[in-house]
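# Observations on chain architecture
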Amino acid sequence: MHLRKQRLLTPGPTPLYPPALHAMMAADLHHRTEEFRKVYRSCLADLKEVMGTSNDVLMFAASGTGAMDAAVSNLFSRGDKVVVCSAGKFGERWAEIAKAYGLEANVLTAPYGEVVTPGRVEAALAAEPAVKGVFVQASETSTGAMHDVRAMGQAVARTGAIFVVDAITGLGTMPLDIDGWGLDVTIGGSQKAFMIPPGLAFLSVSPKAWKMAETATLPHYYFNLKKEKKSGDAGESSWTPATAMILAMAEALRFIKQMGMAKLTENAQLLAEATRAAVRALGLELFAPGSPGSSVTAVKAPAGMDSSTIVKEFRNRFGAIIANGQGTMKGQIFRIAHLGYFDFADVFATVAALEIILNANGFSVQYGTGVAAAQQVYARAAVKPQP
Ligand SMILES: *Cc1c(COP(=O)(O)O)cnc(C)c1O
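Being a predicted model, the structure only gives us computed values, none of them experimental.

A few words on the nonpolar core. Ranked by size, the top nonpolar core spans 56 residues in total, and within it Val149 and Phe194 carry the most contacts. The leading source of residues in this core is helix H9 (residues 243-259), at nine residues.

Before going further, it helps to spend a moment on helix H12 (residues 344-360). Helical geometry: 3.6 residues make up each α-helical turn, so side chains three or four residues apart lie on a common side. Taking 1.5 Å per residue as the helical rise, H12 with its 17 residues ought to reach 24 Å, and the 24 Å between its terminal C-alpha atoms agrees with that figure. Phe344, Val347, Thr350, Val351, Ala353, Leu354, Glu355, Ile357 and Leu358 are the residues of H12 that are buried. Here the buried face of H12 lies against helix H10 (261-281), helix H11 (307-318), strand S14 (333-337) and helix H13 (369-380). Where H12 begins, the side chain of aspartate 343 points an oxygen toward the backbone nitrogen of alanine 345, at a separation of 3.2 Å.

What the domain assignment reports for the protein chain is domain 1 (7-13 + 260-380) and domain 2 (18-259). In this structure, domain 1 and domain 2 have C-alpha centres spaced 27 Å apart. In this assembly, 29 residues from domain 1 lie in contact with 31 residues from domain 2. Roughly 2,500 Å² is buried in total at the junction of domain 1 and domain 2, and carbon and sulfur atoms are behind 66% of that figure. In terms of surface lost to domain 2, no three residues of domain 1 exceed Met261, Leu264 and Tyr341, which account for 22% of the buried area on that side. In this assembly, domain 1 and domain 2 are joined by zero salt bridges. The tally of links between domain 1 and domain 2 comes to six residue pairs in polar contact (both at pLDDT 80 or more). Of all the elements, H10 adds the most residues to the side of domain 1 that touches domain 2, at seven residues. Considered class by class, the residues forming the side of domain 1 that touches domain 2 number 14 nonpolar, 13 polar and two charged.

Conventions we followed
- Residues numbered from 1 in each chain as written.
- Predicted model: local features only at pLDDT ≥ 70, side-chain atom pairs only at ≥ 80, totals over all residues.
- Heavy atoms only, no water.
- Core = buried A, V, L, I, M, F, W, Y, C linked by side-chain atoms within 4.5 Å.
- Buried < 20%, exposed > 50% of the residue type's maximum accessible area, 1.4 Å probe, protein only.
- Helix = DSSP H or I, 4+ residues; strand = E, 2+ residues; numbered from the N terminus.
- Expected span 1.5 Å × (residues − 1).
- Contact = heavy atoms within 4.5 Å.
- Polar contact = N/O pair within 3.5 Å; in protein donor to acceptor, adjacent residues only side chain to side chain.
- Domains from an automatic or database assignment.
- Buried area = accessible area lost by both parts, 1.4 Å probe.
- Salt bridge = Lys/Arg side-chain N within 4 Å of Asp/Glu carboxyl O.
- Nonpolar A, V, L, I, M, F, W, Y, C, P; charged D, E, K, R; others polar.

This is the structure we're talking about:
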């Protein structure tokens, strides 16, 4: 009998920042008090700061999809023409939400593992000047690919459309100049790089997006951006907020501000680089080699091996939860996350465990090959010891 610690290595939920968890225990407070308003105000202000935008930032008690739903139901009208970039399960979610609300969506699809190019967005906008919105994932968590939202934003900014970016795993894993690149709506979620449990969704809203809200006619009630903006300005949320989650968020934001969003991003990028180097050294293939993002690395299972076996082995041998593929990618790929509260020691351990699992399941590798490749990245990056 060996001791196995439970480890969460998935791209949402992600490992939790312990001080944020401890902060949740102080949730015996009322949300219509000055005590709570102070926390809520600082939360919204800090979110704005770490997102690096001067746009309004609003928060809801919901998983990330709640903010995606809110963006559509508050900013559009039935029959509006929109462009949806779909390169994975989350892109498909945009298409489903657009359909549910009766938008007329031109869905630009890319095969899983690939991305929708900015050129295709530009062409779609040129072909249909009435387009009101363009939807995309900054980071497509289901495939590990990352979109060029900078170039897309520039193309969208030249039109009357707004650019709605699901950055739920983009925030904290890739540079995102929300104001400079014209990301009119940028969406985030608590259980990703923000290193706290699921339950909070937030989004930034640009002046161009607020203007669309003036003429939008889709019905909505709980997710009411205008109402939420008014409440937020008063230090409150429109409905009963998830107080424990807000306390956790305030603590996590303190940490992220202290570290700096750029550093948190660089951390994820380095861990992703080390993971890519390790799996390549082991003779495995990346699922999205063309534009790999840094939120998660998707790896193809070796020929003849089901990725579900690898996922199961991680859990049974090491108590570690890694992500399988979603939808038709299930059994084909496994995904190792880097966003939020992950460090190099996590990568070394994950790769060492992977080497054992591969060997035990008929794909023979030399122990230490992947770990050494990850160590080289650590050494090259000259990561400094922390006092
Ligand atoms: C996690 C995630 C979401 C939100 O999913 P929820 O389960 O609603 O939190 C949306 N988009 C992407 C890219 C994600 O990674």
